[in-house]
Amino acid sequence: MASSESLLPVSSQQDPLSDSRCDSIPESRRRRPIKVHLAIYSGFLLIALYVTLIITHGGSAPKNDVNEDTTVESRARLAGVSEKSNVHISKLSNDLRGEAFAWNNTVLSWQRTAFHFQPEKNWMNDPNGPLYYKGWYHFFYQYNPNAAVWGDIVWGHAVSKDLINWLHLPLAMVPDQWYDANGVWTGSATFLDDGSIVMLYTGSTDKFVQVQNLAYPEDPEDPLLVKWTKFSGNPVLVPPPGIGAKDFRDPTTAWKTSDGKWRITIGSKINRTGISIIYDTTDFKTYEKHDTLLHQVPNTGMWECVDFYPVSKTKNKGLDTSVNGPDVKHIVKASMDDTRIDHYAIGTYDESSATWVPDNPSIDVGISTGLRYDYGKFYASKTFYDQHKGRRILWSWIGESDSEAADVQKGWSSVQGIPRTVVLDTKTGKNLVQWPVKEIESLRLRSKKFHMKVEPGTVAPVDVGPADQLDIEAVFKIKKDDLDVVFGDDSVEDDKEFSCETSGGATVRGALGPFGFSVLADESLSEQTQVYFYVTKGKDSKLKSFFCTDTSRSTMANDVVKPVYGSFVPVLKGEKLTMRILVDHSIIEAFGQGGRTCITSRVYPTKSIYGATKLFLFNNAIDATITASFKVWHMNSAFIRPFSADDLGVPSST
Amino acid sequence: MKKVMMVVMMVMVMVSEASMIEQTCKETPDFNLCVSLLDSDPRGSSADTSGLALILIDKIKGLATKTLKEINGLYKKRPELRRALDECSRRYKTILNADVPEATEAISKGVPKFGEDGVIDAGVEAAVCEGEFKGKSPLTSLTKSMQKITNVTRAIVRMLL
């Protein structure tokens, strides 16, 4: 890079030359010609330098001229991105040779879910401020009132008695102030000691700065909390020094400190380090920022939707966010902007320093091999303490995996996961366990019980009639003789390299797997989604189990993303392999080993829809015969519709 | 002396700002395309990374508009391609009405992941349209341009994450 120092050698060389030309010119006027020559010469030098820069940069430019067949890998490396986030592109570019499936309204309208929360139309994303108040569960959400893609964000609102059936209410908050003119974004609710509610949320100001704002119910006597008031002194927090104006969002629910203050945390980043900033407050209007962070992890990027809460080490129940003590661990969770994955870690919170350390730093928050709530399509999740039933409940945004053209055509995009209870796994102590809230069982209709033995390489139809709204609970056993044979056989190697995502899906056969269910399958299995266990012989002849969902053959359509999802699932001595699957049209939620490993996926079959959808049990293992004992319920649809006066038991004239 | 310093400063400033585009484009899959798109735009020389991304999204919009015009023209010239042209029309309208506004708003407001989604989808829609012609597409060069531009744009958007 040219600098003014480089002029000095030039000027000292110049002088003799220009001097010799300026013999006849009086001294007082000699300076100007020298300066002009200097300027021209240095100008040329700089231009020469510039040209050299261009040439050398041009030479070192990435050789990878875009070639659709190649190298998602090299593109990923060049863009400084992990392969995983390029899954979408790689899955599509290999596949788009034929005609696209011509999405029509019949096929598209089947995709709408029967018992997952979604607004009547348009785009939804993050869950906001979930809470229970005066007999109603409240759910707010990021919503675009104008389109089926993200934008123009407001707070949608719905209420429920049971977390399953929902009544849509008017929008709770819209961008009507300068401090949220460009978006009323994600936030969380806190209950004060007197039972009143405060809501903290991120606003995108008229100048695109991310700030935190305070709001509260206009009428605390209204159990529906229809109207919300924004604090006249907003914003209550602006990006602090050293934090980017657009790296400051998603305030958490507050928890009490031992000296009676309230404490919140907000995710951000400094360069590539994901961080969580801590503030204390007494009134939610003025805050003291701590000099130290709650936690930080290098190379994880921006932390969105941070969540921080206690879990009991010994009891299977939820804890209020302010609970602390020796019987408690704390969870730090963050949504990684870079990879769209929700990660959490278990650790210890130190009250006095307002810091948290993970139990296992090698799987700290955001580390790619760390723990996730869910190994499928699942983001921006948020928990709340349900004081009504003493549970901690997890909401999650489940986006689409199809093209935006289809979303626009069908007029909507995204659903929420079924709310799940969250507790620490008291048996392993090393992971959380999630399970769909018990209220969902109220949708169970008729059921059928099965006990089936499936030989290696077999697919067995499961006769349940229509199969697009199901709840399946299953227990699997591997025949002991087969296990003994496999363990005795040294030629059956440790499957060290297995991973659901990269090992090729459910058609790749191993000694002891894969086996499980084919859901949303058509008669000829031209379309199917497989949810399965893959068991490997691990170290020291121990079994190592994986729980996966393979969507790669879920549809003939080639303009949707069809990954294989999944992860290792802990199976303890004496435990049988269990799975639960909720099938609800275009969403499948799968729970391995009681919710130790969860996988949500979105699928878009073109043939396996309406009456053509079937269920199969399959065993693709080479050596093991499997016995499956399971129950399949048909699921009723929930009612998820606009609120009417009748819902309060009040005459509509009021 | 002041005049000299001014000229020197101007040239230095020119050199350093061209470097910003170059530095950014080096991290994309197509350096030459990236530089030529950004250099040719008057906003390029003073834009930060978000600004560069927004310029490229504008280019995506321009290219989609041009392609849609081409598609409309093809109905008369190649009536046998009607079905494919209908699908392409739908896809390119999605780029213009959904992907571009979404990406523009997201990047302006500092939630680049939705910008990435919009840019990725633009590439998908273009590829889907191309596939409709089963290897005999009249739009191939436009599609290839769209793929290249979306790849470069995506790489730049990812720098904001």
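Residues numbered from 1 in each chain as written. Chains lettered and ligands numbered in written order. Predicted model: local features only at pLDDT ≥ 70, side-chain atom pairs only at ≥ 80, totals over all residues. Heavy atoms only, no water.

1. Thoughts on the sheet that holds strand S7 (residues 210-217) of chain A
All names here are of chain A. Put simply, the rule reads: Pairs of strands are assigned from DSSP output, requiring at least two bridges between the strands. Counting from the N terminus, the helices are DSSP H or I runs at least four residues long and the strands are E runs at least two residues long. Between N-to-C directions, angles cover 0 to 180 degrees, with each direction set by a line fitted to C-alpha atoms, over the stretch in contact for helices.
Spatial ordering of the open sheet is given by S5-S6-S7-S8, a layout of four strands whose pairing is antiparallel. The outermost strands of the open sheet, each flanked by one partner alone, are strand S5 (184-191) and strand S8 (228-230). Each neighbouring strand pair of the sheet contributes to a mean axis angle of 30°, computed without reference to strand direction. Bridging between S5 and strand S6 (residues 197-204) involves six bridges; their strand directions are antiparallel. By the bridge assignment, valine 184 is partnered in S6 with glycine 203.

2. Examining the pattern of salt bridges
Defined as follows: Think of a salt bridge as a Lys or Arg side-chain nitrogen and an Asp or Glu carboxyl oxygen that are within 4 Å of each other. A 1.4 Å probe rolled over the protein chains alone gives each residue an accessible area, and that area as a share of the maximum for its type sets the label: buried under 20%, exposed over 50%, partly exposed in between.
Inspection of every chain in the model, using the stated rule, returns 46 salt bridges over all chains. Of the charged contacts in the structure, one is a salt bridge between A:Lys256 and A:Asp193, with a shortest N-O distance of 2.9 Å. Pair noted here: A:Lys256 is in strand S9 (residues 255-256) and A:Asp193 is in the loop between S5 and S6, with a separation of 63 residues, a long-range link. The class of A:Lys256 is partly exposed, set by a relative accessible area of 24%. Connected through salt bridges with shared partners, the residues A:Arg272, A:Asp338, A:Arg340, B:Glu116, B:Asp117, B:Arg154 and B:Arg158 form a single ionic network.

3. Focus: helix H5 (residues 112-131) of chain B
Note the cut-off: Take the residue count of a helix, subtract one, and multiply by 1.5 Å to get its expected span.
For H5(B), spanning 20 residues, the distance from its first C-alpha to its last is 29 Å, which sits close to the expected 28 Å at 1.5 Å a residue. Most of H5(B) is tucked away, with 19 of its 20 residues classed as buried.

4. Some remarks on the sheet that holds strand S25 (residues 444-454) of chain A
Residue and element names in this part refer to chain A. Reading across from one edge, S25-S36-S27-S32-S33-S34 is the order of the six strands in this open sheet, with antiparallel pairing throughout. The two strands at the open ends of the sheet, each matched to only one other strand, are S25 and strand S34 (597-602). Sheet twist, expressed as the average angle between the axes of neighbouring strands with direction ignored, equals 15°. Sheet analysis places S25 next to strand S36 (residues 626-635), joined by nine bridges and oriented antiparallel.

5. Here we look at the side chain of B:Thr150
Basically, it comes down to this: Note on contacts: a residue pair qualifies if any of its non-hydrogen atoms lie within 4.5 Å across the two residues.
Mapped onto the secondary structure, B:Thr150 falls in helix H6 (residues 140-158). When sequence neighbours within four positions are dropped, the list of residues in contact with B:Thr150 reads B:Ile60, B:Val119, B:Ala122 and B:Gly123.

6. Some details on the packing of aromatic side chains
Residue and element names in this part refer to chain A. Let me state the cut-off plainly: Only rings of Phe, Tyr and Trp enter the pairing, Trp through its six-membered ring, and a pair is recorded when the two centres are within 6.5 Å. The plane angle decides the type: under 30 degrees is stacked, over 60 is edge-to-face, the rest tilted. Our definition puts a charge over a ring when NZ of Lys or CZ of Arg is within 6 Å of the ring centre and also within 35 degrees of the ring normal.
Overall, the coordinates contain 43 aromatic pairs over all chains when judged by the stated rule. An angle of 45° between the planes, with centres 5.4 Å apart, marks the rings of phenylalanine 140 and tryptophan 155 as tilted. Here phenylalanine 140 is found in strand S2 (residues 136-144), whereas its partner tryptophan 155 is found in strand S3 (residues 154-160), with 15 residues between them in sequence. Of the two residues examined, phenylalanine 140 and tryptophan 155, each falls in the buried class. Within the aromatic cluster, the residues linked to one another by ring pairs are Phe450, Phe476, Phe515, Phe517, Phe533, Phe547 and Phe630. Taking the ring centre of tryptophan 412 as reference, the NZ or CZ of arginine 112 above it sits at 5.4 Å. The lysine or arginine in question, lysine 410, covers the ring of tryptophan 412, its NZ or CZ lying 4.3 Å from the ring centre.

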